[in-house]
Amino acid sequence: MSIVRPGITQSGIERADIAFEVNGAAVSVSVPPVRRLSQVLRDELRLTGTKVGCDAGDCGACTVLVDGNPVCACLVPAASVSGATITTVEGLASGRLSALQASFLEHGAAQCGICTPGLLVAATALLERNPTPSEAETQDALGGVLCRCTGYRKIIAAVMDASRHMYGVDHRLPEVGRAVGASPIRLDGVPKVTGDEKFGGDSFPADALAVLVVRSPHYYARFSFGDLTAWADSRPGIAGVFTAADIPGHNCFGVIGPFADQPALADGFARFRGEAVALVAGEREAILDLDLTDFPIAWTELPHVLQPCEARADGASLIHQHRPANLLTSGFVERGDPDAALGSAAVTVSGAIETSFVEHAYIEPEAGFAYRDGETLVIVACTQAPYMDRDDTAKVLGLAVDKVRIVPTATGGGFGSKLDVSLQPLIGLVAMKTGRATALAYTRNESMMSTTKRHPAEMKATIGADAEGRVTGMVFEGDFNTGAYASWGPTVANRVPVHASGPYLTPNYRATGYAIHTNGPIAGAFRGFGVPQATIMQETLYDELAGKLGMDRLDFRLNNCLRNGSETVTGQRLESGVGIGECLESLRPHWSRALADAKAFNATHTASKRGVGVASCWYGCGNTSLPNPSTIKVGISGSGEVILHQGAVDIGQGSNTVITQICADALGLPLDKFRLESADTAISPDAGKTSASRQTFVTGKAAEKAGRSLREQILRYANVSGNATIALDGPSISIREGDATRRIDLSTLKADAGGLVFVAEETYDPPTQPLDAKGQGKPYAVYGYGAQIAELEVDLKLGTVKLIKITAAHDVGKAINPVLVEGQIEGGIAQGIGMALMEEYIPGRTENLHDYLIPTIGDVPPIEHILVEVPDPEGPFGAKGLGEHVLIPTAPAILNAIRHATGVLVTKVPATPSRILAAIREKEARR
């Protein structure tokens with residue numbers, strides 16, 4: 001029987017004793033009656049499997065069952081569940097995985113894992129009433145839960161296939177030497193489906209101070225503070241207020257040292273809406289109920305600029321005084337004589353495309369906590385780049401780098417934005433000043449206000465070809481709105497000119513990319529570093545050029561694509577491993593079938609028309625013409641475990657599994673002997689940031705080298721040849737060569753400080769060369785390639801787009817784990833769909849997941865993947881990167897399909913219904 005007894009706490013907040021049942025156990029909590037159920041579950045009962053992504057019912061991550069019905073726990077007041085029965089993800093199985101959880105693992109339906117609990121709970125409710133749902137029924141039941149990683153297709157398959165699974169999951173792992181190319185379940189997968197995985201906000205110390213961040217409501221403003229001490233003293237539970245004046249080090253950070261320009265806390269001027277200006281720290285209950293409307297700060301709003309054209313206009317105020325014309329930097333590549341080539345071309349086409357800010361929209365907002373461990377400041381938080389976090393945080397807080405330790409949690413999506421520091425120096429500052437553990441989780445609103453976005457681009461280009469359909473020249477220019485601070489703007493400005501030609505032979509070429517400051521949101525890294533925007537420009541012009549030449553659009557691309565022995569626009573000769581031709585060739589039967597289907601459909605339909613589009617991509621893996629090392633340590637303990645220090649942060653892409661598969665085959669031991677020591681700046685070597693599609697290639701190569709090095713050590717110790725095999729059996733290792741076997745008792749060997757008796761540490765840095773003044777050189781050691789076909793229907797009266805199918809062919813060199821490769825392809829395509837059709841971040845208007853639209857489970861059509869494997873000699877077992885490549889062709893393929901269906905190209909992306917209709921009407925008006 002439930003009991004609700006109101007009471008008053010010392011702080012004056014009314015509380016009630018509320019009794020209910022959770023996962024079969026009776027519980028009672030004393031909380032304010034209107035406290036969110038999600039907070040009660042997480043903070044009072046420590047059931048952190050229920051995730052919080054928005055606190056508004058928009059993302060569905062907090063879905064739980066209340067009396068068997070799925071609800072968003074963030075919308076349910078605690079008082080309303082008195083006497084109810086609640087099931088969270090932790091209660092879906094009793095000591096063993098449910099059939100649904102097992103199906104999620106086997107299908108690869110959990111990537112980063114932050115949305116997985118909500119999806120599992122919603123799917124459980126569906127399966128209890130309908131054990132064999134259809135695809136439409138599955139989409140309907142799960143439509144309220146957003147996922148940013150998977151593209152949903154494997155989730156749908158896992159739910160529909162759950163009925164055939166028994167409880168538990170098949171943990172059989174590949175045989176020794178056959179890990180590469182197999183698809184074992186994620187080595188870190190089980191905690192993702194049980195709710196045990198700990199993300200940034202899941203393990204806050206119970207006594208930690210909570211922090212609120214005071215942020216600028218203006219795009220550009222001067223500010224000053226009133227009496228902060230008096231304000232804090234008048235509020236019970238407030239431990240302190242901190243401003244830029246309290247920062248003991250250099251109040252400036254940035255991912256690229258020479259361009260670093262962003263303060264951790266703004267000092268006198270705020271340059272963008274959402275910039276942090278002060279911190280308020282206090283006891284958790286006090287902060288939960290704190291009203292900042294009377295915070296003593298005075299604002300003087302100043303004129304601002306949001307568009308590059310405004311920022312570059314004569315007389316525009318400078319956002320940074322040392323950057324004339326608000327130009328952060330530019331990138332340039334020139335080869336041959338493009339002007340002469342265009343002048344003599346048989347056919348030329350020109351165009352202009354504009355893209356928008358795009359929000360990363362990971363389901364986990366930034367979160368973490370900090371505390372002092374002796375003289376060391378420890379920060380436990382979600383991140384993509386722990387060593388970069390360490391260095392910037394140490395600089396801001398005036399600490400030696402060895403006095404800052406970054407311990408990454410599981411990261412609920414990143415896609416580039418969690419490369420930049422966010423809350424790390426903020427919570428570190430409060431922990432240093434107060435001596436208390438300090439915790440902070442961004443709200444969805446402040447995450448979207450204050451973190452980086454994809455660069456909006458204003459691009460124009462001209463491409464020419466000869467009468468045989470060979471591209472002879474191209475000129476490209478793009479202005480990229482980098483916002484108030486540098487972030488990854490220099491990388492975008494330099495990467496775009498290298499890639500703007502697409503994976504095509506372009507003998508005469510000039511491309512310039514400009515990163516321009518505005519008072520808009522900071523634009524940083526987002527899956528492609530500007531290449532997706534440039535590819536829209538290039539690939540839409542390729543369709544137009546093919547049309548003018550009277551050539552099939554796929555044939556035109558095959559006629560011009562790079563091949564082994566080709567030279568790129570930077571003069572780099574690609575000796576081997578060029579797989580774009582194979583990707584395009586593999587699409588031929590799908591292209592013919594899709595065109596025939598569209599022709600038949602359009603012959604019988606007038607209200608809507610079907611279109612087919614194709615686009616290609618290439619992408620250099622890793623940093624552009626810069627050092628890009630990764631270090632991996634692997635050893636064998638005295639107890640017979642293989643300890644892999646895997647410092648490449650897994651943000652859902654699968655590096656924990658893929659890197660281990662590579663190392664296992666290089667070493668010659670099975671996966672079940674490995675134990676991961678994940679990224680931790682005090683323990684694991686620096687494997688570099690998780691970005692630029694570098695981890696499988698760069699860190700994978702380091703893991704391959706480390707595995708081989710460790711194997712050689714063991715074989716030398718046993719005095720046998722490289723043909724010997726090794727095996728672990730408890731605390732002993734057996735080395736067999738021919739009929740002879742030697743057994744080594746590991747427990748008798750001297751161990752190092754980490755308990756390892758054999759250990760190897762290896763570094764790999766891809767061989768690149770700097771670009772000269774004309775952008776000539778070797779910017780990347782390895783490129784990945786891909787091509788996609790989009791099939792869709794356009795309603796000519798509404799302007800709406802219905803995606804029918806996407807076929808994706810991607811050259812991965814070697815698919816280390818095919819299921820994970822497919823998951824990356826599907827997830828990247830989903831983000832490309834959003835970029836093409838719906839995602840447009842508008843400061844002040846779309847700072848939540850209700851107004852900012854990302855694809856839902858019903859927006860992603862069937863996806864057919866074609867895994868092309870053209871090995872590259874630099875990659876581990878021939879593998880290439882993949883993460884960025886899979887997003888790049890999607891938007892241009894969709895835009896080309898819309899033009900095929902309607903005859904019009906939408907030149908402002910996303911191609912919303914209103915923009916499609918406007919383009920159709922403009923075309924009709926010209927008739």
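Computed from a prediction, not measured in an experiment: that's the story for all the values here.

Caption draft 1: A look at the overall build of the protein chain. Within the protein chain one finds 23 helices and 34 strands. Taken over the C-alpha trace, the protein chain has a radius of gyration of 28 Å; the compact-globule value for 927 residues is 30 Å, and the two agree within 12%. Projected onto its principal axes, the C-alpha coordinates of the protein chain cover approximately 85 × 85 × 60 Å. In the protein chain, which comprises 927 residues, the proportion classed as buried is 63%.

Caption draft 2: Up close: the sheet that holds strand S10 (residues 269-270). Here 3 strands make up an open sheet; going across it, the order is S10-S8-S12 and the pairing antiparallel. At either end of the open sheet lies a strand with only one pairing partner, and these are S10 and strand S12 (297-301). With 2 bridges connecting them, strand S8 (residues 221-225) and S10 associate as antiparallel partners. Bridge assignment links Arg222 to a residue of S10, and that residue is Phe269.

Caption draft 3: The arrangement of the side chain of Arg148 in detail. With respect to the helices, strands and loops of the structure, Arg148 is situated in the loop between helix H4 (135-142) and helix H5 (153-161). Given the relative accessible area of 5%, Arg148 is considered buried. Of the polar contacts made by the side chain of Arg148, one reaches the side chain of Glu839; its length is 2.7 Å.

Caption draft 4: Geometry of the packing of aromatic side chains. Applying the stated rule across the entire model yields 16 aromatic pairs. Ring geometry for Phe369 against Tyr371: centres 6.1 Å apart, planes inclined by 20°, an arrangement best described as stacked. A relative accessible area of 8% places Phe369 in the buried class. An aromatic cluster is built from Phe223, Phe225, Trp231, Phe295 and Trp299, whose rings are joined through pairwise contacts.

Caption draft 5: Region of interest: the confidence of the model for the protein chain. Of all residues in the protein chain, 98% attain a pLDDT of 70 or more, and the chain-wide mean is 96. Note that residues 1-10 has pLDDT below 50 and, in this model, 21 contacts with residues that lie over four places away or in other chains.

Caption draft 6: The nonpolar core, seen in detail. Core analysis: the biggest nonpolar cluster contains 154 residues, and Phe104, Phe476, Leu545 and Ile894 have the highest contact counts within it. No other element matches helix H15 (residues 531-549), which puts 9 residues into this core. Setting aside residues no more than four positions away along its own chain, Phe476 makes contact with Met459, Lys460, Ala461, Val496, Ala500, Arg510, Ala511, Thr512, Ala534 and Met537. Leu644, Ile659, Ala664 and Leu728 belong to the second-largest nonpolar core, a separate cluster that totals 43 residues.

Caption draft 7: Looking closely at the packing of helix H16 (residues 553-560) against helix H18 (residues 588-604). Where H16 contacts H18, the axes come no closer than 10 Å and their chain directions differ by 155°. When the axis of H16 is compared with that of H18, the two are roughly antiparallel. On H18, the residues touching Arg553, Leu554, Asp555 and Leu558 of H16 are Arg588, Trp591 and Leu595. Across the contact of H16 with H18, the residue classes break down as 4 nonpolar, no polar and 3 charged.

Caption draft 8: View of the pattern of salt bridges. As enumerated under the stated definition, the model contains 49 salt bridges in all. Between Glu285 and Arg15 there is a salt bridge whose closest N-O contact spans 3.2 Å. In this pair, Glu285 is assigned in helix H8 (residues 284-288) and Arg15 in strand S2 (residues 14-22), connecting sequence segments 270 residues apart. This pair shows no difference in class: Glu285 is buried, exactly as Arg15 is. We note a salt bridge from Asp555 to Arg588, for which the minimum N-O separation is 2.9 Å. Of this pair, Asp555 sits in helix H16 while Arg588 sits in helix H18, and the two are 33 residues apart along the sequence. The class of Asp555 is partly exposed, set by a relative accessible area of 29%. Where salt bridges share partners, they join Arg15, Arg35, Asp43, Glu44, Arg284 and Glu285 into one cluster.

Caption draft 9: Focus on H4. Along H4, the residues that are buried comprise Thr138, Gln139 and Leu142. Taken around the axis of H4, the buried residues stretch over an arc of 95°, which confines them to a single face. In H4, those exposed residues whose orientation departs by more than 90 degrees from the buried face are Ala136 and Asp140. Buried-residue contacts for H4 involve helix H3 (116-129) and H5.

Caption draft 10: A look at the sheet that holds strand S16 (residues 367-373). Strand order in the open sheet formed by 7 strands is S9-S11-S7-S19-S16-S17-S18, and the pairing between neighbours is mixed. Pairing within the sheet leaves two strands with one partner each, and these edge strands are strand S9 (238-242) and strand S18 (404-408). Neighbouring strand axes in the sheet, compared pairwise and without regard to direction, differ in orientation by 25° on average. Pairing of strand S7 (residues 209-215) with strand S11 (residues 276-282), which is carried by 6 bridges, proceeds in the antiparallel orientation. Directly across from Ala210, in S11, lies its bridge partner Gly282. With respect to the sheet, helix H11 (residues 386-397) is in contact with strand S17 (376-381) and S18, its orientation differing from that of S18 by roughly 145°.

Caption draft 11: Expanded view of the packing of helix H2 (residues 99-107) against H5. At a closest axis distance of 8 Å, the pairing of H2 and H5 adopts a crossing angle of 140°. For the element pair H2 / H5, the angle class is oblique. Remark: the crossing between H2 and H5 carries right-handed chirality. Contacts between H2 and H5 involve Leu100, Ser103, Phe104 and His107 from the first element and Lys154, Ile155, Ala157, Ala158, Val159 and Asp161 from the second. Of the residues in the contact of H2 with H5, the class split is 6 nonpolar, 2 polar and 2 charged.

Caption draft 12: Examining the state of the cysteines more closely. Evaluated as defined, the whole model comprises 0 disulfides. Not part of a disulfide, Cys149 finds its nearest cysteine sulfur in Cys112, a span of 3.7 Å.

Caption draft 13: Geometry of the environment of Tyr780. Here Tyr780 shows up in the loop between strand S31 (756-764) and strand S32 (783-795). Residue Tyr780 is classed as buried on the basis of its relative accessible area, which comes to 0%. Residues Tyr780 and Ser625 lie 155 residues apart in sequence; the distance between their C-alpha atoms is 6.4 Å.

Caption draft 14: Focus on the environment of Glu106. One can find Glu106 in helix H2. For Glu106 and Pro497, which are 391 residues apart along the polypeptide, the C-alpha to C-alpha distance reads 41 Å.

Caption draft 15: Expanded view of the environment of Leu676. Examined against the element boundaries, Leu676 turns out to sit in strand S27 (residues 674-678). Its relative accessible area of 24% is what places Leu676 among the partly exposed residues. Spatially, the C-alpha atoms of Leu676 and Val642 are 8.5 Å apart, while their sequence positions differ by 34 residues. For Leu676, the contacting residues outside a window of four places in its chain are Leu644, Gln646, Asn656 and Thr660.

Caption draft 16: Quick peek at the side chain of Ser684. Tracing the sequence through the fold places Ser684 in the loop between S27 and helix H20 (695-718). Given the relative accessible area of 2%, Ser684 is considered buried. Of the polar contacts made by the side chain of Ser684, one reaches the backbone oxygen of Glu677; its length is 3.4 Å. Among all residues touching Ser684, those that are not within four sequence positions of it are Tyr387, His645, Gln646, Gly647, Glu677, Ser678 and Ala679.

Caption draft 17: Layout of unusual backbone geometry. For the peptide bond that leads from Val909 to Pro910, omega is 15°, which places it in the cis range. When you line up the elements, Pro910 lands in the loop between helix H22 (890-902) and helix H23 (913-926). A positive phi angle is found at Asn23, which is not glycine, with a value near 50°. Its place among the elements puts Asn23 in the loop between S2 and strand S3 (25-31). Phi is positive for Asn719, close to 60°, though the residue is something other than glycine. Residue position: Asn719 is located in the loop between H20 and strand S28 (725-729). Taking the relative accessible area as the measure of exposure, Asn719 reaches 71% and is therefore exposed.

What counts and how
Residues numbered from 1 in each chain as written. Predicted model: local features only at pLDDT ≥ 70, side-chain atom pairs only at ≥ 80, totals over all residues. Heavy atoms only, no water. Helix = DSSP H or I, 4+ residues; strand = E, 2+ residues; numbered from the N terminus. Rg over C-alpha atoms; globule rule 2.2 N^0.38 Å. Buried < 20%, exposed > 50% of the residue type's maximum accessible area, 1.4 Å probe, protein only. Pairing = 2+ DSSP bridges. Polar contact = N/O pair within 3.5 Å; in protein donor to acceptor, adjacent residues only side chain to side chain. Phe/Tyr/Trp six-rings, centres within 6.5 Å; stacked < 30°, edge-to-face > 60°. pLDDT = per-residue confidence, 0-100. Contact = heavy atoms within 4.5 Å. Core = buried A, V, L, I, M, F, W, Y, C linked by side-chain atoms within 4.5 Å. Axes fitted to C-alpha atoms, helices over the stretch in contact; angles between N-to-C directions. Parallel < 35°, antiparallel > 145°, perpendicular 65-115°, else oblique. Nonpolar A, V, L, I, M, F, W, Y, C, P; charged D, E, K, R; others polar. Salt bridge = Lys/Arg side-chain N within 4 Å of Asp/Glu carboxyl O. Arc of directions from axis to C-beta. Left-handed = near helix turned anticlockwise from the far one by under 90°. Disulfide = S-S within 2.5 Å.

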